[in-house]
Amino acid sequence: MESELRIDPRILEEFLQMNRNILDAPKLVAAPDEISLGMTPYDVVYSEGKMRLLHFNSTQQKQVKTPLLITYALINRYHILDIHPQKSWVKNMLEQGLDVYLIDWGTPTTMDRFLGFDDYVNGYMDNCVDFILNESGVDKVSMQGYCTGGNSGHSLCIIVS
């Protein structure tokens, strides 16, 4: 006794279309090294582990003595506030005469699973502030925090110390 397997033609067509989509996907998505972000020029002025401290180059005269240190959520990429020149928060701050630094946390790996809040705030971030204070010859740094996510959308926090 032989049983006959019947497959709905719509399911078969969906399956074939999904496979075509999978094969075409690499052609539709740019590789990370092919993406042009249009970022503001910067220098890496300090690094520790994966963390880098970026100092943005400005064509404007510094009008604000207190440097600005931008930090963001660990899961975001460092260029989130500087993706496009016409929509760049970093460029906007530079044009207003601020001296802008930004922390790039790097890409986390399993090696970072033991790092805690204290390591990031009282370690990396504190060392960045110390570097900026020494480099700039000032006694205070303004800090801006940025995070996307959660159920409230975007949040922005500016702390002046």
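Heads up: these notes are all about the structure in this document. Everything numeric in this text was worked out from a predicted model, so none of it was measured. (Residues numbered from 1 in each chain as written. Predicted model: local features only at pLDDT ≥ 70, side-chain atom pairs only at ≥ 80, totals over all residues. Heavy atoms only, no water.)

1. Quick look at the pattern of salt bridges
Side-chain pairs of opposite charge can arise where the charged atoms are in close proximity.
Here comes step 1: Across all of its chains, the model carries four salt bridges by this definition.
Here comes step 2: Residue K91 is joined to E95 by a salt bridge in which the shortest nitrogen-to-oxygen separation is 3.6 Å. Placement of the pair is K91 and E95 together in helix α2 (residues 89–95), with a separation of four residues, close to one helical turn.
Here comes step 3: With relative accessibility at 43%, the residue E95 sits in the partly exposed group. (Salt bridge = Lys/Arg side-chain N within 4 Å of Asp/Glu carboxyl O. Helix = DSSP H or I, 4+ residues; strand = E, 2+ residues; numbered from the N terminus. Buried < 20%, exposed > 50% of the residue type's maximum accessible area, 1.4 Å probe, protein only.)

2. Let's talk about the pairing of strand β3 (residues 68–72)
Here comes step 1: Most of β3 sits out of view: five of its five residues are buried.
Here comes step 2: Here β3 shows a buried face lined by L68, I70 and Y72 and a second buried face lined by L69 and T71.
Here comes step 3: Pairing of β3 with strand β4 (residues 100–104), which is carried by three bridges, proceeds in the parallel orientation. Among the inter-strand pairings, I70 is bridged to a residue of β4, identified as L102.
Here comes step 4: Crossover handedness for the path β3 to α2 to β4: right-handed. (Pairing = 2+ DSSP bridges. Right-handed = clockwise from strand over helix to strand, strands pointing away.)

3. Some points on helix α3 (residues 117–136)
Here comes step 1: Here α3 contains 20 residues, and its C-alpha end-to-end distance of 27 Å stays within 8% of the 28 Å for a straight helix at 1.5 Å per residue.
Here comes step 2: Remark: the principal bend of α3, roughly 30°, maps to D126.
Here comes step 3: G137, located one to two residues past α3, shows a positive phi value of around 70°. (Expected span 1.5 Å × (residues − 1). Bend = angle between axes of the 7 residues up to and from the residue.)

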